[in-house]
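In case you want the letters, here they are:
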Amino acid sequence: MSANAQKKAASRSMATKKLIIDEFKRRLRDNIKSLNDNFYHIIQAAKVNPDDNAFKNQTGKMTEFYTIKNEMAVRAQLMVRASDELLRLTTDLKEFLILHDFHFLTHNIKQAESQCEETLRQQSHLHQALDTDVSNMLFALEEEIADNFFLGH
């Protein structure tokens, strides 16, 4: 196999791995969103309506009760399904790591860490600059107050 063919195969392999990882990220994002949304709606449905005048008869109360009960059961089932998908995703990730080389993932993790560290450094410098500016303004303000508004007894 020539060097050019090896480069093409390696780049094709990297692209395939990138697509697989992007698919894993999408599955993770979708399942977490499903868990959060359904949990939120279950909590919303669990709220009790304190207004007894909203129901003129017992049939209205029972209808609302069974409607909410069924909605909560469906949402709980959707949460179970999303949790099962997350377990399946975990298994797929483990399988991916076993079957594929670790170098690609290590490289991506180190790249993400370096980006995070660079962002942290930038934010730290920005914070220090703001801290210095605020300290200087505060010092100037205190001097102005001391010079112009002598507060003594």
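Preceding this section is the structure that the text describes.
Residues numbered from 1 in each chain as written. Predicted model: local features only at pLDDT ≥ 70, side-chain atom pairs only at ≥ 80, totals over all residues. Heavy atoms only, no water.

1. Here's the deal with the overall build of the chain
On a plain count of helices and strands, the chain comes out with three helices and zero strands. When each of the 153 residues of the chain is scored for burial, the buried share is 10%. Counting only contacts in the chain whose residues sit at least 6 apart along the sequence, the fraction spanning at least 24 positions is 85%. As presented, the chain carries roughly 12800 Å² of accessible surface, and 61% of it is formed by carbon and sulfur atoms. (Helix = DSSP H or I, 4+ residues; strand = E, 2+ residues; numbered from the N terminus. Buried < 20%, exposed > 50% of the residue type's maximum accessible area, 1.4 Å probe, protein only. Contact = heavy atoms within 4.5 Å. Areas by Shrake-Rupley, 256 points an atom, 1.4 Å probe, with all protein chains shown as cover.)

2. Description of the nonpolar core
In this structure, Ile21, Phe24, Leu35, Ile42, Met79, Ala82, Leu86, Leu89, Phe96, Phe104 and Leu105 together form the largest nonpolar core, which totals eleven residues. Those elements that provide at least two residues to this core are α1 (3–45), α2 (58–99) and α3 (102–148). Not counting residues within four places of it along the chain, the set of residues in contact with Leu89 comprises Phe24, Arg27 and Leu28. (Core = buried A, V, L, I, M, F, W, Y, C linked by side-chain atoms within 4.5 Å.)

3. Re the packing of aromatic side chains
If you walk through the whole model with that rule in mind, you get two aromatic pairs. With a centroid separation of 5.7 Å and 85° between ring planes, the pair formed by Phe24 and Phe96 is classed as edge-to-face. Linking Phe24 in helix α1 with Phe96 in helix α2, this pair joins segments that are 72 residues apart in sequence. With respect to burial, Phe24 and Phe96 carry one shared label: buried. With a centroid separation of 5.0 Å and an interplanar angle of 75°, the aromatic rings of Phe65 and Tyr66 are classed as edge-to-face. (Phe/Tyr/Trp six-rings, centres within 6.5 Å; stacked < 30°, edge-to-face > 60°.)

4. Some points on the pattern of salt bridges
Going through the model one piece at a time under the given rule, you end up with nine salt bridges. Residue Arg75 is joined to Glu71 by a salt bridge in which the shortest nitrogen-to-oxygen separation is 3.3 Å. Within this pair, Arg75 and its partner Glu71 are both found in helix α2, separated by four residues, close to a single helical turn. Taking relative accessible area as the criterion, Glu71 reaches 32% and is therefore assigned partly exposed. Members of the salt-bridge network, linked through shared partners, are Glu23, Arg26 and Asp30. (Salt bridge = Lys/Arg side-chain N within 4 Å of Asp/Glu carboxyl O.)

5. Let's talk about a nonpolar patch on the surface
Together, Leu138, Leu141, Ile145 and Phe149 line one region of the surface with nonpolar side chains, adding up to about 400 Å² of accessible area. Looking at the secondary structure, you find Leu138 in helix α3. On the basis of relative accessibility, which here comes to 47%, the residue Leu138 falls in the partly exposed class. (Patch = residues over 30% accessible without salt bridge, like charges linked within 9 Å, V, L, I, M, F, W, Y side chains within 5 Å.)

6. Some thoughts on the environment of Tyr40
For Tyr40, the position within the fold is in helix α1. Residues Tyr40 and Arg75, 35 residues apart in the sequence, show an inter-C-alpha distance of 9.7 Å. Among the polar contacts listed, one links the side chain of Tyr40 to the side chain of Gln44, at a separation of 2.6 Å. (Polar contact = N/O pair within 3.5 Å; in protein donor to acceptor, adjacent residues only side chain to side chain.)

7. So, the environment of Asn31
Locating Asn31 in the fold gives a position in helix α1. By relative accessible area, Asn31 is classed as buried at 11%. Measuring from C-alpha to C-alpha, the distance between Asn31 and Ser83 comes to 7.3 Å, with 52 residues separating the pair along the chain. Non-local contacts of Asn31, meaning those with residues more than four positions away in its chain, are made with Ala82, Glu85 and Leu86. Among the polar contacts listed, one links the side chain of Asn31 to the backbone oxygen of Arg27, at a separation of 3.0 Å.

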